[in-house]
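Here is how the chains run, residue by residue.
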Amino acid sequence: MSAAPKSGMHPAIAVNGGMLGAVLFGSAAYALWPTAPEWWGLGVASVILAMAALGCLFNAIGAMIGRYRRERELRRYLMLGSGPKSARLATVEDLRRAGMVE
């Protein structure tokens, strides 16, 4: 269950880039919205930019959800095992018992 973005970007970059794209496309859509009916062509461009803004927003939300799912799965996996334990060093007596030293 991989939750990394499909583009291969780091999740934080994918989320922040998606949000930035949504703000930029949304601002451009708002700025291009026509004030008079004879500028209807700008209305079409504005609607296309608004749809691009929504696409960026949905991608950013998807990257956030994916990151959350991945971290939740990782936490669940890490809770399965115990903490790291240090091994004790073998003494000369242990080595003799194992037949490694005479």
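Please read these numbers as outputs of a predicted model, since none were measured by experiment.

Some points on the overall build of the protein chain
Point 1. Across its full length, the protein chain holds three helices and zero strands.
Point 2. Its helices and strands taken in sequence order, the protein chain reads α-α-α from the N to the C terminus.
Point 3. For the protein chain, the C-alpha radius of gyration of 28 Å lies well beyond 13 Å, the compact-globule estimate for 102 residues.
Point 4. Counting only C-alpha atoms and orienting by the principal axes, one finds that the protein chain spans roughly 100 × 20 × 15 Å.

Notes on the confidence of the model for the protein chain
Point 1. Residues with a pLDDT of 70 or more make up 92% of the protein chain, whose mean pLDDT is 88.
Point 2. The lowest-confidence element of the protein chain is helix α3 (residues 92-97), averaging 90 in pLDDT; the highest-confidence one is helix α1 (residues 11-32), averaging 95.

Points about the pattern of salt bridges
Point 1. Scanning the model with the defined rule gives five salt bridges in all.
Point 2. When the shortest N-O distance is used, the salt bridge between Arg76 and Glu73 registers 3.1 Å. Here Arg76 and its partner Glu73 are both found in helix α2 (residues 40-80), three residues apart, which amounts to about one turn of the helix.
Point 3. For Arg76, a relative accessible area of 55% translates into the label exposed.
Point 4. One network of salt bridges, in which partners are shared, links Arg88, Glu93, Asp94 and Arg97.

A short note on a nonpolar patch on the surface
Point 1. Taken together, the side chains of Met19, Leu54, Phe58, Ile61, Met64 and Ile65 make up a nonpolar region of the molecular surface, amounting to roughly 520 Å² of accessible area.
Point 2. For the nonpolar patch, the element with the most residues is α2, which contributes five residues.
Point 3. In this fold, Ile65 is placed in helix α2.

Some points on the side chain of Asp94
Point 1. Assignment of secondary structure puts Asp94 in helix α3.
Point 2. In this structure Asp94 comes out as buried when scored by relative accessible area, which is 16%.
Point 3. In contact with Asp94, other than residues within four places in its own chain, are Arg88 and Leu89.

Examining the packing of α1 against α2
Point 1. Two elements in contact, α1 and α2, have axes separated by 8 Å at closest approach and are oriented at 160°. In terms of orientation, α1 lies roughly antiparallel with respect to α2. The element α1 and its partner α2 pack so that their crossing is left-handed.
Point 2. Here the residues of the contact of α1 with α2 are counted per class, giving 22 nonpolar, four polar and one charged.

Notes on α2
Point 1. For α2, built from 41 residues, the straight-helix expectation of 60 Å at 1.5 Å per residue is met to within 8% by its first-to-last C-alpha distance of 61 Å.
Point 2. Considered for burial, the residues of α2 that qualify are Gly43, Ser46, Leu49, Ala53, Cys56, Ala60, Ala63 and Gly66.
Point 3. Contacts made by the buried residues of α2 are with α1.

What counts, and at which threshold
- Residues numbered from 1 in each chain as written.
- Predicted model: local features only at pLDDT ≥ 70, side-chain atom pairs only at ≥ 80, totals over all residues.
- Heavy atoms only, no water.
- Helix = DSSP H or I, 4+ residues; strand = E, 2+ residues; numbered from the N terminus.
- Rg over C-alpha atoms; globule rule 2.2 N^0.38 Å.
- pLDDT = per-residue confidence, 0-100.
- Salt bridge = Lys/Arg side-chain N within 4 Å of Asp/Glu carboxyl O.
- Buried < 20%, exposed > 50% of the residue type's maximum accessible area, 1.4 Å probe, protein only.
- Patch = residues over 30% accessible without salt bridge, like charges linked within 9 Å, V, L, I, M, F, W, Y side chains within 5 Å.
- Areas by Shrake-Rupley, 256 points an atom, 1.4 Å probe, with all protein chains shown as cover.
- Contact = heavy atoms within 4.5 Å.
- Axes fitted to C-alpha atoms, helices over the stretch in contact; angles between N-to-C directions.
- Parallel < 35°, antiparallel > 145°, perpendicular 65-115°, else oblique.
- Left-handed = near helix turned anticlockwise from the far one by under 90°.
- Nonpolar A, V, L, I, M, F, W, Y, C, P; charged D, E, K, R; others polar.
- Expected span 1.5 Å × (residues − 1).

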